[in-house]
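The lines below spell out each chain.
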Amino acid sequence: MSIKEIENEIVEEFEIFGDDWEGKYEHLIDLGKNLGTLKEEYKIENNIIQGCQSRVWLHSEKKDNNIIFSAESEAIITKGMVALMIRVLSGHTAKEIIETKLEFIDKIGLKEHLSPTRANGLVSMINRMKMDAITLSK
Amino acid sequence: MLVKELKHIELNTEAIRKDFPILNRKINGMPLIYFDNGATSQKPQQVIDAVSNYYSNTNSNIHRGVHTLSREATEAFENARKVIAKHFNVKSDQQIIFTAGTTDSLNMVCNGLARSVLKQGDEIILSSYEHHSNILPWQLWAQENKGQLKVIPLNADQSLDLNAIENLISEKTKIISIAHVSNTLGLITDLDKIKIIAKKHNLILVVDAAQSAPHMAVDLEKLDVDFYVCSAHKIYGPTGTGILYMSEKWLSKLPVTKPGGGTIKTVSFEKTEYADGALRFEPGTPNISGVIGFAAAINYMDQFGMDAIYKHELELVNYAQSKLAEIPQVMLYGKSNDKAAVISFNVKNTHPFDVGTLLDKYGIAVRTGHHCTQPLMNLLCVPGTIRISFAIYNTKTEIDFFIEKLKKVIDMLK
């Protein structure tokens, strides 16, 4: 599936909640719980994404021509967001990753996570994923 | 201060709430419950009007103008100094210096003492629960001057182990700089005890009152410390202003570290004679509207009296603490039944960020994270806490709603 197709799939998945934010967040929490843990060897200082109130580790590697992401966070909501980002971006080429606008975040009503408050690291996470993609594609 | 001594004073919270327009706001469709007063308090209409009226009717630069507006603005600005001096019972209003806030004041004290008192290798005593703002200026000085920071440890209940201070003092110790109230825990530092130690060893005592000035009566004449600093915005006033109080002897002794327009008597290229009194430390055009709003905030609080405010908030703290203690997953820090209006806690096996994010969805504003006290977080072995902090307009009904939603949030995160 292309990034756009995965984004659309997530939008559909969240549509059933409508204005029910509790349902939406419960789903996000479930996604976080199901993400699993990152290998201990990847939980290193270099992999920590700056700017998150909870620690988030992101490991990026290149397989064939695609970039593969794995990540973990101490906070479960952040982990849910991480899970969504991995689902959308992991396994695609650097070019695809860099070019995507990630419009699904707004569409599923989680735009508040893109605010520039220091507590919130989603923007840093996205930037880091794109940066890693650029670095690995060189 | 004990609540039973203050039984006779009662606040009319319902009427008070009407003074704060922001309390009408809905957050995510829910009425705002603002429990982040430790970060900044909301502003009553009286303060908003004072700032707005100043810009609508009086705006002009102060101290030098010959025209009517400048005279009126100067009078309003200097009147604010008098109002604030009276509130803190300061002998001369010149001992109240307007700054950009607590952080600015602490930097000014540190830089002034660095140029006068401190010598290479000297030592400064801080507490374990200091805000970064009361660590960093001293640390910077220490790093550049082979100095050392000595830290007052915590007791098991997270209060300060004051008995340990004597052991930290050496002939190189010059200063104790300490929070009057911990911004993370709400615990009140026993300044009387610390003052005795400071006097005995001839140490300069600097008090960071950012978190005490909003909640309790402070008599600076009686308190008799060298420096006392706080911000207006945590005391119902505007952001970007605060005070640096200094005892009389420092007013002429502390070197000017921020020279500029307004601080002088005469200037030539060879030599400058600085002004006497507060103006010596107030370079450039000050935050005139902020200072006028600050005085309006002080007047607002003084109509109720700080004892009534303290009693109201202490009741809220004790009520919230007891309700939180009933939730098995909640871990409270710095528990005490006589503290300022701040409570820190965590929920077992959850990250503070998750709890704070979900509470916000219910319209409840709390603070999560390290609260600019990372050394304290390290001592508590936590990445952060959830902090709720109260003000004059908060109610037990709000606490009940918060507790109900906190339980729901804990359930969601299970």
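Anything mentioned here points back to the structure above.
1. Structural notes on the packing of aromatic side chains
Argument step 1. The tally for this structure, following the rule as stated, stands at 15 aromatic pairs over all chains.
Argument step 2. Measuring from centroid to centroid gives 6.3 Å for Phe345 of chain B and Phe402 of chain B, while their planes differ by 65 degrees, and the two rings are edge-to-face. On the criterion of sequence distance, the pair formed by Phe345 of chain B in strand E14 (residues 342–347) and Phe402 of chain B in helix H14 (residues 396–413) is long-range, its members being 57 residues apart.
Argument step 3. Assessed through its relative accessible area of 0%, Phe345 of chain B is described here as buried.
Argument step 4. Here the aromatic residues Phe20, Tyr236, Tyr300, Phe304 and Tyr393 of chain B are joined through ring pairs into a cluster of three or more.
Argument step 5. Taking NZ or CZ as reference, Lys43 of chain A lies 5.2 Å from the ring centre of Trp57 of chain A, over its face.
Argument step 6. One cation-aromatic arrangement involves Lys253 of chain B over Trp250 of chain B; the distance from NZ or CZ to the ring centre is 4.6 Å.

2. Topic: the sheet that holds strand E16 (residues 367–369) of chain B
All names here are of chain B.
Argument step 1. With antiparallel pairing, the four strands of this open sheet are ordered in space as E13-E14-E17-E16. Either end of the sheet is taken by a strand with one partner, and the two such strands are strand E13 (330–333) and E16. Pairwise comparison of adjacent strand axes, ignoring direction, gives a mean angle of 30 degrees for this sheet.
Argument step 2. Inspection of the sheet shows E16 paired to strand E17 (residues 385–389) by three bridges, in the antiparallel sense. Each bridged residue has a counterpart across the sheet, and for Arg367 the counterpart in E17 is Arg387.
Argument step 3. Running at roughly 20 degrees to E14, H14 makes contact with E13, E14 and E17 of the sheet.

3. Topic: the pattern of salt bridges
Residue and element names in this part refer to chain B.
Argument step 1. A full pass over the atoms with the stated rule returns 29 salt bridges over all chains.
Argument step 2. Across the pair Glu10 and Lys311 runs a salt bridge, and its minimum N-O distance is 3.2 Å. Of the two residues, Glu10 sits in the segment before helix H1 (13–18) while Lys311 sits in helix H11 (residues 306–325), which places them 301 residues apart along the sequence.
Argument step 3. The class of Glu10 is exposed, set by a relative accessible area of 61%.
Argument step 4. Here Lys311 falls in the buried class, since its relative accessible area comes to 2%.
Argument step 5. Across the salt bridge formed by Asp224 and Lys199, the nearest N and O atoms sit 3.1 Å from each other. Pair noted here: Asp224 is in the loop between helix H8 (220–223) and strand E9 (227–231) and Lys199 is in helix H7 (residues 191–200), with a separation of 25 residues, a long-range link.
Argument step 6. Among the residues examined, Asp224 registers a relative accessible area of 37% and is labelled partly exposed.

Rules and cut-offs
Residues numbered from 1 in each chain as written. Chains lettered and ligands numbered in written order. Predicted model: local features only at pLDDT ≥ 70, side-chain atom pairs only at ≥ 80, totals over all residues. Heavy atoms only, no water. Phe/Tyr/Trp six-rings, centres within 6.5 Å; stacked < 30°, edge-to-face > 60°. Helix = DSSP H or I, 4+ residues; strand = E, 2+ residues; numbered from the N terminus. Buried < 20%, exposed > 50% of the residue type's maximum accessible area, 1.4 Å probe, protein only. Lys NZ or Arg CZ within 6 Å of the ring centre and 35° of its normal. Pairing = 2+ DSSP bridges. Axes fitted to C-alpha atoms, helices over the stretch in contact; angles between N-to-C directions. Contact = heavy atoms within 4.5 Å. Salt bridge = Lys/Arg side-chain N within 4 Å of Asp/Glu carboxyl O.

Note that every value here comes from positions in space, so none of it alone points to a role or purpose.
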